[in-house]
Structures are given as structure tokens and as C-alpha cells.
Amino acid sequence: MGDDSYTIQREASRILNSVLLTDPRLQIPESVKVAAQRTSFDISALAAPFLPAPVKCTESSTALWALLATFGNAIVSERYEISQDVVVNSDVASVFLFSFLLLKVGGRPVSDPELVRRYSVNDTTRQFTHWRRLVTNVYPTRDDRWFHLHGGLNSDRSLRMLGLPTHRDVADEMDAIRILSEEVKQFDAEWLDIEANEYWRQAGGICLTPEEYRETEQGKAIAEDSLYLLEEFPDDKLPPVPWPEVNTTTYRPLEGIKIVDLTRAIAGPTIAKLAALFGATVVRVSNTTLPDLGIVLFESNLGKRDAHLDLKTEQGRQALHTLIEGADVVLDGYRPGALDKLGFGPVYVHEVAKRRGKGMVYARENCYGWKGPWKHRSGWQQISDAVTGIAWLFARMWEMDEPVMPFLPNSDFQTGIVGCIAIMNALDKRAKRGGNYLVSMSLNQLNSFLISLGTQSPEVQRSLRELWPDMKSRHYDDLHRQMRVLSSGLPKLTPQLLNPKYFGTIKADLGVPDEEMVFVGPAATYERTKLGYDRGSCLRGTHDATWQREEQGTPHA
């Protein structure tokens, strides 16, 4: 498949050692660079690119997993005086990018009707009817461009913007696609972009090429930003915070660290899920009256407690305030500015830290980045893929003259890895220097990094087209339509990815007593440290919004 000297492992090693570790903007400490000498890549994993993508999804994910594992190893060395090797498996780093699709609960796959019924209770706005789901899609515009409409977790505003009913019975998916396409084509792309984002406050974006995106004011504003921004706020009242003393047999780097998870969808919850995997205690704050991505939630709540709070009530705000007072990290994945309006933005959270005399890490992620004219906009993985040019790169691979969306939420999951790396970095700096910290990630920063790594060679892309002919998609093939094809193709085309040793099992708390869940395990394996979750996924609102004394036990990898 192309150049015989090119392997996923070699390219991931290059990205780790020659790109990530040498980037001064990431502020990587010397201890991590030293620890990287003990990081290697599993040569038993598939060597040639196998995902039907023009960009280096597997190589990038593997390299980011390696950096995350290396950061963890450096912290383990300092906390527990353990010196060890760590091996990263690129097969697992790949299936991590669509891990929720491979989840099994009680022996049932996520497509099982009974499981669908159970997680659909989170779909309080009935988003998964054909009519409402396919609002989130790419459609042609009047001026011969392409616009990615998006319904978010509630398609009402996007449908009202188009003058369409918010609910409608349609015969099938193609019927919904036809009607929506005809309506979007009544408008110019620029009109839709401004109308959706600035008036209706609903996500949406014009499908740009990478070259077009770089020339936008937004592209220029964050052109010099790396994968994350790390800002330190020194204060004489905030001395270094030693790593917590823990009684452990697993030696995970983040044991004893408390994180408040204020996120929904995929990228933010993945940051917190990974932190839990690496030992952190995570309390996710949810609101059971609001919609959520149930299929994702069943997997992304691994390792977490989940507490219901209504943050628009004084009681809910006070409970969150108390939770934050005991936390080390606050993770914000809401629309930019939403938590500030509720009184829990980084300025106030850092003030809480000053009052208690112990520094805090405030971590936040959004779509567009934290500078520029679009920084305030809400956004999703599909919107980032549309505006940064990823969709047109997929189109070029498939020799199409219309944008084609990726078949997996790559930018979401890889932003999750980046966020956990940034949090580890900030906590390490807090342990050494004290102070408060603000770390900021975005889907656009991740996609810009991915594009900067270059595309697969023409030979590799041709081989991938031949391997996955059924993955050739049209502009209207949304993630759900494409993932059906991916799911059916994996066992036949890349069966190694489904190796049972890549999966873990743990007892779940998803509404059925004594039920087990099977999930994608960690992509990194240490000699002594044992990564894993202290608990399985739970339903929203299962726990109280309090910190409890953690029991030390054997986590489940």
C-alpha cells in the first residue's frame, strides 16, 4: 500500500518526537521529554494506513496518545518514584476515535433496539427522527456553494430559520434530505452563515477548502496557536500544590485529583473520561431535563459520577459552587460564555481558588478557537470539519466535486486527548510553581494541526478507495449514514481492530442491575501503572453533587 518504508508507527513516532515534543508553544517540561525515551509503539498493530481517510487520523491519534502516556509516565516517576516503559498501540488509538460505536451493554451492541430505547430517553427534543436529524447535514446553496446546517441538540431554530415546521413525518431519509436541500438552496451561503450564527445563535458553517479557511479572519486569528493554549496566573497566595497522597496499587498519574465535568456531546466528555482512566475522580454535572447524546453518554460516562443540577436555580448554583471549592480542575465544554453568565467562568473560579489558597486549573474547549471573530460561536465536530477544509480533503480523495464529511468524529475524540494532555501539563506546573491555570482547546486547533501533518500519499489514498469502495459518500451522507457502512465493513476488512484484547469489561450502572459493559480499552500499556476506570458508566443524575472518600481498588482497563 504505497511506500514500503512508511508505517503508522514510524509516522506516529515522527509526530511525537519531531513535532509535538519540539513545539515550544506546548510548554512541555524537560521531564516529559526525558520520559519520551521510554515510549515506544506496538509493532504488532497494523502497519499500513487502513481507515478510509485522506488525513492521518490514525497516526495523529497514536502520537497524541503517546504524548498523553508520556506525560503520565513523567508524573508517575515524580509521584511514585517508578521508572517504566510504556507502549502505545495504534490499532486501539484508531478504534478510540469511534469507541462508542463498539460499546456493548449487557451483551447488546448499541444498535440493539432495547439499548436504543434506553439511551433515547436522553433525546428529549426528538432529534433522531429523520426530519430533525438530517437538519445536521451539508446542502448546496443558491450561489453554488455548500453550507453545513446543524441542529445541535435541538433543531427547532434551524428549521424555523428555513421557514420549515419543527416536526414533520417523512417517508424515509432521502425524502427529508430532498426537502431540506431544496429549502437551503433558496439562500446564499454567506446569508445562511450570518443568519444561523449571529441571529438564531445556532451552529452552521460554509464548507471551505483549507486554503480558503487560512485566508479567513478566523483562520488568521488562530494561525499561530498550537494544539492548546496554556496560561499561568502566578499569585503569592497560591503556593505549589503537591500531588495528593494516595494509597494505591495502580500508580495512575492523576489519582486523588478531583475534576468537575461541565460538558456535553463528545470532545469535553472525552477529556474527562480520559482523566478518569488516568486515575482522576470525576463528577459530571448534568441536567436531566435537557437533551444529551445518549449513545455517546453511555460510553463517555465511564469512570465518572453523574449529578443532576439545574444551574439556573440558586440551589443548583450553590451546589456547583461547593463542588468547585473542593476541585482541582473545572472543565467547561459549554457554548463560549455560557458559564460566565451563570457566574462560573474562569475569572470567578480562579477567585474561588485564591480565597481557599489552592490553585485551580480551568480547562475549556470550543469549536472555533479562543481568538478571532468566530470565537463566540457555538460549533460541533461537523462544523469544524466543514470550515477548516477537512470535508473538501475527503472530497478530493474520493474525486468528488462536492464536500464529503468524515465518517467518524475524529476532531472530537482527538481534542479529547489534547485536553487531557493540557490538564496534566497544568497540574504538573501547579505542583512545581503554584498559581492558577487556564488551558484552552478547540476543534479548529486540532483540525489545523491534522492538516499541517499532510495528507496520505496518492498511492495510499488509491489503495484505501479500493479497500473501502462502499465508503464513497455524497454530501448528504451524514455521520449516521456513513457509520452504518463503517460498522458493516470493519469485521470483514480490518478484523484485527476488533481483537478482544483491545477491550475491557466493567459493571455498568445503566438501569439494569448487575449488567456489564464492554468498552474500548486504553491505547497505552505501562510496565507497572495500570490504567483503568474505577466504575462503569452511569445514567444522568445517579449521584449527589458531592465529593466522597474514594475507595482504592483495582480499576478496569
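Check the entry above for the structure.
Here's what I pulled together on the structure shown here. Everything numeric here is computed off the predicted structure, so don't read it as measured data.

## Points about helix α16 (residues 346-356)
Those residues of α16 that sit buried are Pro346, Val349, His350, Val352 and Ala353. For α16, the angular spread of buried residues about the axis comes to 150 degrees, placing them on one side. Turned more than 90 degrees away from the buried face of α16, the exposed residues are Val347 and Arg355. On the buried face of α16, the contacting elements are β8 (228-233), α14 (314-325), β12 (329-332), α15 (338-342), β13 (361-366) and β14 (436-442).

## Considering the sheet that holds strand β16 (residues 516-520)
The 4 strands are arranged β4-β3-β16-β15 in an open sheet whose pairing can be described as antiparallel. Each of the sheet's edge strands pairs with one partner strand only, and the pair in question is β4 (108-109) and β15 (503-507).

## Things to note about the packing of helix α12 (residues 267-277) against helix α19 (residues 410-433)
Between α12 and α19, the least distance of the axes is 7 Å, while the angle of their chain directions is 50 degrees. With respect to α19, the element α12 is oriented oblique. The interaxial crossing formed by α12 with α19 has right-handed handedness. Listed contacts from α19 to Ala267, Thr270, Ile271, Lys273, Leu274 and Ala275 of α12 are Asp412, Phe413, Thr415, Gly416, Ile417, Gly419, Cys420 and Ile423. A per-class count over the contact of α12 with α19 returns 8 nonpolar, 4 polar and 2 charged.

## Remarks on the sheet that holds strand β10 (residues 281-286)
Pairing is mixed in the open sheet, where 7 strands are placed in the order β8-β14-β13-β12-β9-β10-β11. Single-partner strands in this sheet number two, and they are β8 and β11 (304-308). Strand-to-strand, the axes of this sheet are offset by a mean angle of 20 degrees, without reference to chain direction. Pairing geometry for β8 and β14, over 6 bridges, is antiparallel. Residue Leu230 lies in a different strand from β14, and its bridge partner there is Val439.

## Re a positive patch on the surface
A grouping of Arg157, Arg160, Arg335 and Lys341 is seen on the molecular surface, where their side chains present a positively charged patch. Secondary-structure assignment places Arg157 in helix α7 (residues 156-161). Here Arg157 falls in the partly exposed class, since its relative accessible area comes to 38%.

## Some thoughts on the pattern of salt bridges
One pass over the structure, following the stated rule, counts 41 salt bridges. Across the pair Glu11 and Lys56 runs a salt bridge, and its minimum N-O distance is 3.1 Å. One end of the pair, Glu11, is in helix α1 (residues 8-20); the other, Lys56, is in the loop between β1 (39-41) and α3 (57-80), with 45 residues separating them in the sequence. Note that Arg38 and Asp85 form a salt bridge whose closest N and O atoms lie 2.4 Å from each other. Of the two residues, Arg38 is situated in the loop between α2 (30-35) and β1 and Asp85 in the loop between α3 and β2 (86-88); the sequence distance between them amounts to 47 residues. Linked through salt bridges whose partners overlap, the residues forming this network are Arg133, Glu173, Asp477, Asp478, Arg481 and Arg484.

## Some thoughts on α12
Judged by how many residues are buried, α12 sits mostly within the fold: 11 of 11 residues are covered. Within the span of α12, buried status applies to Ala267, Gly268, Pro269, Thr270, Ile271, Ala272, Lys273, Leu274, Ala275, Ala276 and Leu277. At the exit of α12 stands Gly279, carrying a positive phi of roughly 110 degrees.

Calculation criteria
Residues numbered from 1 in each chain as written. Predicted model: local features only at pLDDT ≥ 70, side-chain atom pairs only at ≥ 80, totals over all residues. Heavy atoms only, no water. Buried < 20%, exposed > 50% of the residue type's maximum accessible area, 1.4 Å probe, protein only. Helix = DSSP H or I, 4+ residues; strand = E, 2+ residues; numbered from the N terminus. Arc of directions from axis to C-beta. Contact = heavy atoms within 4.5 Å. Pairing = 2+ DSSP bridges. Axes fitted to C-alpha atoms, helices over the stretch in contact; angles between N-to-C directions. Parallel < 35°, antiparallel > 145°, perpendicular 65-115°, else oblique. Left-handed = near helix turned anticlockwise from the far one by under 90°. Nonpolar A, V, L, I, M, F, W, Y, C, P; charged D, E, K, R; others polar. Patch = residues over 30% accessible without salt bridge, like charges linked within 9 Å, V, L, I, M, F, W, Y side chains within 5 Å. Areas by Shrake-Rupley, 256 points an atom, 1.4 Å probe, with all protein chains shown as cover. Salt bridge = Lys/Arg side-chain N within 4 Å of Asp/Glu carboxyl O. Lys, Arg positive; Asp, Glu negative; His and termini not counted. Charge placed at Lys NZ, Arg CZ, Asp CG, Glu CD.

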